[in-house]
Amino acid sequence: MKLSANVLRRFCAGTPREPKALRKLLDDLGINLKRLDVQATDAHLTLELLANRGDHHCYAGVARELAARTKTPLTLPHANQL
């Protein structure tokens, strides 16, 4: 799965700005990073997801892990109620 570091920062303020620091933090969380593409304005992460960790299959799940580790607030988008 591909993720954008900028989008992760929208959800979790504790997401590191430096791509190498973000890679180290994801490794510490047990999230396998297969590829890191650094561009001028963003870093794109390609994650190898495990079948037993369904919470890592979306931005919100990865942001929750980052917020818990960095002890920073988590900002999730509001869901529309029917």
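All figures in this text were calculated on a predicted structure; none of them were measured in a lab.

Draft legend 1. Here's a closer look at the overall build of the chain. Tallying secondary structure elements over the chain gives three helices and three strands in all. Starting at the N terminus and walking to the C terminus, you meet the elements of the chain as β-α-α-β-β-α. Taken across its 82 residues, the chain has 35% of its residues classed as buried. Accessible area for the chain stands at about 5,500 Å²; split by element, carbon and sulfur atoms hold 51% of it. Mean positive and mean negative side-chain charge positions of the chain (13 and 8 charges, respectively) differ by 2 Å.

Draft legend 2. Inspection of the pairing of strand 2 (residues 32-38) at higher detail. Relative to strand 3 (residues 43-48), strand 2 runs antiparallel, the two being bridged by six bridges. Opposite Asp 37, over in strand 3, you have His 44 as the bridge partner. The turn joining strand 2 and strand 3, which pair antiparallel and follow one another in sequence, is formed by four residues.

Draft legend 3. Molecular detail of the pattern of salt bridges. This model, assessed by the stated rule, comprises three salt bridges. A salt bridge links Asp 37 to Arg 35; the nearest nitrogen and oxygen atoms lie 2.8 Å apart. Residue class for Arg 35 comes out exposed when judged on its relative accessible area of 51%. The closest approach of N and O atoms between Arg 53 and Glu 65, which form a salt bridge, is 2.7 Å. Here the residue Arg 53 occupies a position in the loop between strand 3 and helix 3 (59-70), and Glu 65 occupies one in helix 3, the gap between them amounting to twelve residues.

Draft legend 4. Examining the nonpolar core more closely. Membership of the largest hydrophobic core comes to 19 residues, with the highest contact counts inside it found for Leu 8, Leu 26, Leu 45, Leu 47, Val 62 and Leu 66. Listing elements by their share of this core, those giving two or more residues are helix 1 (5-11), helix 2 (19-29), strand 3 and helix 3.

Draft legend 5. Geometry of empty space enclosed by the protein. Counted under the stated rule, the structure contains one cavity of 30 Å³ or more. Approximately 50 Å³ is the volume found for the largest cavity. Within the lining of the largest cavity, the residues separate by chemical class into three nonpolar, three polar and two charged.

Draft legend 6. Geometry of the sheet that holds strand 1 (residues 2-4). Within the open sheet, the three strands sit side by side as 1-3-2. Their pairing is antiparallel. In this open sheet, the two strands that pair with only one neighbour each are strand 1 and strand 2. The mean angle between the axes of side-by-side strands here comes to 25°, regardless of whether they run parallel or antiparallel. Sitting on the sheet, helix 2 touches strand 2 and strand 3, and the angle it makes with strand 2 is about 170°.

Rules and cut-offs
Position numbers for residues start from 1 in each chain and track the written sequence from start to end. Thresholds applied to this predicted model are a pLDDT of at least 70 for local features of residues and 80 or more for the giving and counting of side-chain atom pairs; totals over whole chains, interfaces and linings are not thresholded and use all residues. Water and hydrogen atoms were dropped before computing side-chain values, which therefore reflect all heavy atoms in the structure. Only DSSP runs of H or I reaching four residues or more are called helices, and only runs of E reaching two or more are called strands; each is numbered from the N terminus. Only protein chains enter the accessibility calculation, which uses a 1.4 Å probe; a residue is then buried when its area is under 20% of its type maximum, exposed when over 50%, and partly exposed in between. Throughout, the Shrake-Rupley method with a 1.4 Å probe supplies accessible areas, and for residues the shown protein chains are the sole cover considered. The charge count treats Lys and Arg as positive and Asp and Glu as negative. His and the chain ends do not count. Note that the charge is assigned to NZ on lysines, CZ on arginines, CG on aspartates and CD on glutamates. Pairing between strands requires that DSSP locate at least two bridges from one strand to the other. A pairing counts as a salt bridge when a side-chain nitrogen of Lys or Arg comes within 4 Å of a carboxyl oxygen of Asp or Glu. Throughout this description, the term nonpolar core refers to a set of buried Ala, Val, Leu, Ile, Met, Phe, Trp, Tyr and Cys residues connected via side-chain atoms within 4.5 Å. Only protein atoms enter the 1 Å grid used here. Points where a 1.4 Å probe fits but cannot escape make up a cavity, open sets with protein on both sides within 12 Å along at least five of seven lines make up a pocket, and a residue lines them when an atom lies within 4 Å of a point. Grid points are joined across faces, edges and corners, and a volume is the space filled by probe spheres set on the points. When residues are sorted by character, Ala, Val, Leu, Ile, Met, Phe, Trp, Tyr, Cys and Pro go into the nonpolar class, Asp, Glu, Lys and Arg into the charged class, and all the rest, Gly among them, into the polar class. Axis lines are fitted to C-alpha atoms, over the contacting stretch for helices. Their N-to-C directions set the angle, which ranges from 0 to 180 degrees. Contacts are residue-level and defined by heavy atoms, with any inter-residue pair within 4.5 Å sufficient.

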